[in-house]
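Okay, here's what each chain looks like letter by letter:
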Amino acid sequence: MTREPRLVEVRRNILKQNDVIARELREQFTDAGVCVASMVSSPGSGKTALLEDTLTRLSENHRVAALVGDLATENDAARLARSGAPVRQITTGTVCHLEAAMVRSALEGWQLGELDFLFVENVGNLVCPAGWDLGEVAKIVVFSVTEGEDKPLKYPAMFRKSRYAVLNKIDLLPYLEFDVALAMANARSINPELQFFLTSARTGEGLEAWYEFLRSAVRATATA
Ligand SMILES: Nc1nc2c(ncn2[C@@H]2O[C@H](COP(=O)(O)OP(=O)(O)O)[C@@H](O)[C@H]2O)c(=O)[nH]1
Ligand SMILES: [Mg+2]
């Protein structure tokens with residue numbers, strides 16, 4: 001009976017400490033003029049696949065880097081590093097989300113002023129990462145057409161905290177009974193401001209609009 005309130009208090013303090021570090025990171029990112037976006041999703045929706053394409057394409061004209069979080073393995077960092085962009089893996093062990101302090105340590109030795117974009121791929125799950133500010137300018141939630149239209153309703157916090165949503169794997173639509181309009185309506189019932197991108201990291205469909213959005217985001221960061 002006496003333990004639960006203490007646990008709640010400890011968790012609240014950790015979150016508060018995270019917000020302080022996240023605020024410092026956001027100031028550093030703004031001062032350096034780097035556009036920082038974090039990608040959140042359930043495992044397997046295609047964050048790494050999208051980022052592989054994105055890092056490759058954007059690095060033609062911009063200075064791009066990525067941090068990637070997973071409980072174990074450096075597999076995603078190895079995939080992203082093939083783009084030639086600087087990439088660091090954050091291995092979280094048993095922790096189901098990235099925290100601002102992990103991002104701060106992973107950035108040690110990097111000159112933020114030399115970057116236009118920094119992408120952060122969070123640990124794959126639609127629950128824990130919602131509650132942790134990483135200093136990013138926006139969270140981007142990725143979900144795919146194989147996951148069901150109701151995911152925004154089941155994981156509302158993640159869709160509420162995200163400013164943008166990517167609906168990925170649209171190349172699979174002919175083989176599924178996924179209702180795109182319903183999925184988008186569900187997401188917008190949670191967050192009416194959500195801006196959507198429909199993509200396939202497999203065929204490249206929809207990626208031009210995604211890149212154009214990112215290029216305009218970095219121009220906005222540079223003139224801020
Ligand atoms: N058909 C199809 N498969 C995809 C697409 N994007 C990712 N995948 C596949 O989905 C699986 C999980 O992708 P991954 O990028 O590792 O997802 P993550 O866990 O969110 O980083 C891999 O087998 C990818 O090749 C897509 O747009 N279409
Ligand atoms: Mg991944």
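Fair warning: this is a prediction, and the values are worked out from it, not measured in the lab. (Residues numbered from 1 in each chain as written. Chains lettered and ligands numbered in written order. Predicted model: local features only at pLDDT ≥ 70, side-chain atom pairs only at ≥ 80, totals over all residues. Heavy atoms only, no water.)

K.L.:
Would you mind showing me how to read the overall build of the protein chain here?
P.N.:
From N to C terminus, the protein chain includes eight helices and seven strands. Relative to the globule expectation of 17 Å for 224 residues, the C-alpha radius of gyration of the protein chain, 17 Å, shows essentially globular dimensions. A principal-axis box enclosing the C-alpha atoms of the protein chain has dimensions of 55 × 45 × 35 Å. Counting the 224 residues in the protein chain, one finds 50% classified as buried. In the protein chain, 73% of the contacts between residues at least 6 apart in sequence involve partners at least 24 apart. Of the accessible surface of the protein chain, which amounts to about 11,200 Å², a share of 52% is contributed by carbon and sulfur atoms. For the protein chain, the separation between the mean place of its 25 positive charges and that of its 29 negative charges on side chains is 4 Å. (Helix = DSSP H or I, 4+ residues; strand = E, 2+ residues; numbered from the N terminus. Rg over C-alpha atoms; globule rule 2.2 N^0.38 Å. Buried < 20%, exposed > 50% of the residue type's maximum accessible area, 1.4 Å probe, protein only. Contact = heavy atoms within 4.5 Å. Areas by Shrake-Rupley, 256 points an atom, 1.4 Å probe, with all protein chains shown as cover. Lys, Arg positive; Asp, Glu negative; His and termini not counted. Charge placed at Lys NZ, Arg CZ, Asp CG, Glu CD.)

K.L.:
Sorry, what's going on with the pattern of salt bridges here?
P.N.:
Two side chains carrying opposite charge are able to pair once their charged atoms lie near each other. Under the counting rule described, the total for this entry stands at 14 salt bridges. Two residues, arginine 26 and glutamate 136, come together in a salt bridge whose shortest N-O distance is 3.8 Å. Placement of arginine 26 in helix α1 (residues 3-32) and of glutamate 136 in the loop between β4 (117-121) and β5 (138-144) is noted, with a sequence separation of 110 residues between them. On the basis of relative accessible area, arginine 26 is assigned to the partly exposed category, the value being 31%. (Salt bridge = Lys/Arg side-chain N within 4 Å of Asp/Glu carboxyl O.)

K.L.:
Teacher, can you tell me more about the coordination of the magnesium ion (ligand 2) here?
P.N.:
Looking at the magnesium ion (ligand 2), one finds its protein donor set to be Thr48 (OG1), Asp76 (OD) and Glu121 (OE), positioned 2.1 Å from the metal centre. Here the donor residues of the magnesium ion (ligand 2) share one chain and are spaced in sequence as T-x27-D-x44-E. Of this pair, aspartate 76 sits in helix α3 (residues 75-81) while glutamate 121 sits in strand β4, and the two are 45 residues apart along the sequence. This pair shows no difference in class: aspartate 76 is buried, exactly as glutamate 121 is. (Donors = N, O, S within 2.8 Å, 3.2 Å for Na, K, Ca; no water.)

K.L.:
So what exactly am I meant to see when it comes to the site of ligand 1 here?
P.N.:
In the vicinity of ligand 1, 17 residues are found, and the nearest of them are Gly44, Thr48, Ala49, Asp171 and Ala201. Separating an oxygen atom of ligand 1 from a backbone N or O atom of glycine 44 is a distance of 2.8 Å. In the model, an oxygen atom of ligand 1 is placed 2.7 Å from a nitrogen or oxygen of the threonine 48 side chain. Relative to its unbound accessible area of 570 Å², ligand 1 is 76% covered by the protein chains. (Near = heavy atom within 4 Å. Polar contact = N/O pair within 3.5 Å; in protein donor to acceptor, adjacent residues only side chain to side chain.)

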